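One letter stands for each residue in the lines below.
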Amino acid sequence: MADHKELTKRFLDIYGGSEQGLHIFHAPGRVNLIGEHTDYNGGYVFPAALTFGTTLLIREREDQQIGLASTNFELRKVLPLEPIVYDEADDWMNYPKGIVRELQSRGYAIPCGFDLLYHGEIPNGSGLSSSASIEVVTAYALLTLSGHPTDKVEIALLSQKSENEFNGVKSGIMDQFAVANGKKDHAIMLMCDTLEYQLVPFNSGAYKIVIGNTNKRRGLVDSKYNERRGECDAAVEALQSAFPGLKLLGLISVEQFNAHAELITDATVQKRARHVVEEIARVVRSVDALKHNDLETFGSLMNDSHDSLRDLYEVTGPELDALVDAARQVPGVLGSRMTGAGFGGCTVSLVHEDSVDRFIQEVGQKYEQATGLKADFYVCTIGNGVEQLQ
Ligand code: GLA
């Protein structure tokens, strides 16, 4: 958690004035426990909010401008509230800018200007949803302070829309949803087609969630991500002769898929589709296992998920595979998989508390030997979704 006194001092150094009227909001990052590349196919995901994310300090201004600053980047600006236009040179600021524009276009008037200072606690580019966390905290704070309703499902949707349209990243709903709706010690079983969700207590007893960061730059992630989305669309089209009107791959069962898989003549597209339908079934089974305190089964489904993302969906790469392989060799590890979009970023493992130190040491060493890169590890607890702290 960030030091609020220190951040307040930074805020006053940048914007001047006094602490009066200064508010603090927080939105977490997220880790997806299982259910990868299923959200944009209308299937299940099972993410959880982290305790670290983005802290936002915000105070009203007397004019119609918005001040944007961050403790993580030098870049700082004061911009008029209207018009808001995407500008590549504005870098990270395009996330809050997109939110301001999305709120305005939905008719949520922002009656006065604001000064904002962001403090990001999520390592950049780690795939733990730093952008969703910036979007959601901005939307929640601006809606709250402008006296508008703060429906967290709508906040997730408008944040996703802003990321898709203003920032041009075609992500699904999982990240924004988890960041907005997370709850301490719970994971979220979300059906991405209907947005029906269930908060499931994550009672992992002596087992800890350990995130491993490959520290591999996720260079190709956007283009490969969009390529996978295209392959899923192609699979849906091929299956339509058996399922007229089918719009989302996630809406057919494994049995239905198996009965008609040969309609997908492109072998690569068929592999992608198989991953999606089987992964959705894995989410259902893993939530069931968790509810029965069967962490062994949960862990082994995490392993299956990774293997499928490696062999069928092909979004892992040598770094994620090396980290997962090393993790699975440590006694006391129930399961280990990549989390998020893939091609770098992070893994998530379920590790017995007595093995955590050994895990960090041995996995770190093997990973460095295999890749020449140093991994970082975070032992996590599950935190709340977006909230006002002050
Ligand atoms: C990224 C996207 C999500 C989701 C995952 C893969 O994190 O932002 O919407 O598609 O990849 O599961």
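Above this text is the structure in question.
In this report, the structure presented in the accompanying data block is examined. (Residues numbered from 1 in each chain as written. Predicted model: local features only at pLDDT ≥ 70, side-chain atom pairs only at ≥ 80, totals over all residues. Heavy atoms only, no water.)

**What to know about the sheet that holds strand β4 (residues 65-70)**
Strand order in the open sheet formed by six strands is β5-β4-β6-β3-β1-β13, and the pairing between neighbours is mixed. Strand pairing shows two members of the sheet lacking a second neighbour, β5 (77-80) and β13 (387-388), which therefore form its edges. Here helix α1 (residues 4-15) sits on the sheet in contact with β1 (23-32), β3 (47-60), β4 and β6 (114-120), set at roughly 135° to β6. Docked against the sheet, helix α3 (residues 130-145) engages β1, β3, β6 and β13, running at close to 45° with respect to β3. (Pairing = 2+ DSSP bridges. Helix = DSSP H or I, 4+ residues; strand = E, 2+ residues; numbered from the N terminus. Contact = heavy atoms within 4.5 Å. Axes fitted to C-alpha atoms, helices over the stretch in contact; angles between N-to-C directions.)

**What to know about the pattern of salt bridges**
According to the stated counting rule, one finds 26 salt bridges in the structure shown. R228 is the salt-bridge partner of E227, the closest N and O atoms lying 2.9 Å from each other. When its relative accessible area of 4% is taken as the criterion, R228 is described as buried. Its salt-bridge partner being E231, residue R228 comes within 3.7 Å of it at the nearest N-O pair. (Salt bridge = Lys/Arg side-chain N within 4 Å of Asp/Glu carboxyl O. Buried < 20%, exposed > 50% of the residue type's maximum accessible area, 1.4 Å probe, protein only.)

**Digging into the packing of α3 against helix α4 (residues 152-166)**
Direction vectors running N to C along α3 and α4 enclose 125°, while the axes themselves pass 9 Å from each other. Compared by their axis directions, α3 and α4 come out oblique. Handedness of the crossing formed by α3 with α4: right-handed. Along the contact surface, α3 presents S131, A132, E135, V136, A139, Y140 and L143, while α4 presents K152, I155, L158, S159 and E163. Per-class residue counts for the contact of α3 with α4 are seven nonpolar, two polar and three charged. (Parallel < 35°, antiparallel > 145°, perpendicular 65-115°, else oblique. Left-handed = near helix turned anticlockwise from the far one by under 90°. Nonpolar A, V, L, I, M, F, W, Y, C, P; charged D, E, K, R; others polar.)

**A closer look at the packing of aromatic side chains**
Per the stated rule, a full pass over the model turns up eleven aromatic pairs. With a centroid separation of 5.1 Å and 75° between ring planes, the pair formed by F177 and Y197 is classed as edge-to-face. One end of the pair, F177, is in helix α5 (residues 174-181); the other, Y197, is in strand β8 (residues 197-201), and 20 residues separate them in sequence. On the accessibility criterion, Y197 (37% relative accessible area) is partly exposed. With a centroid separation of 5.9 Å and 80° between ring planes, the pair formed by F359 and F377 is classed as edge-to-face. With F359 in helix α11 (residues 356-371) and F377 in strand β12 (residues 376-380), this pair connects stretches of sequence that are 18 residues apart. (Phe/Tyr/Trp six-rings, centres within 6.5 Å; stacked < 30°, edge-to-face > 60°.)

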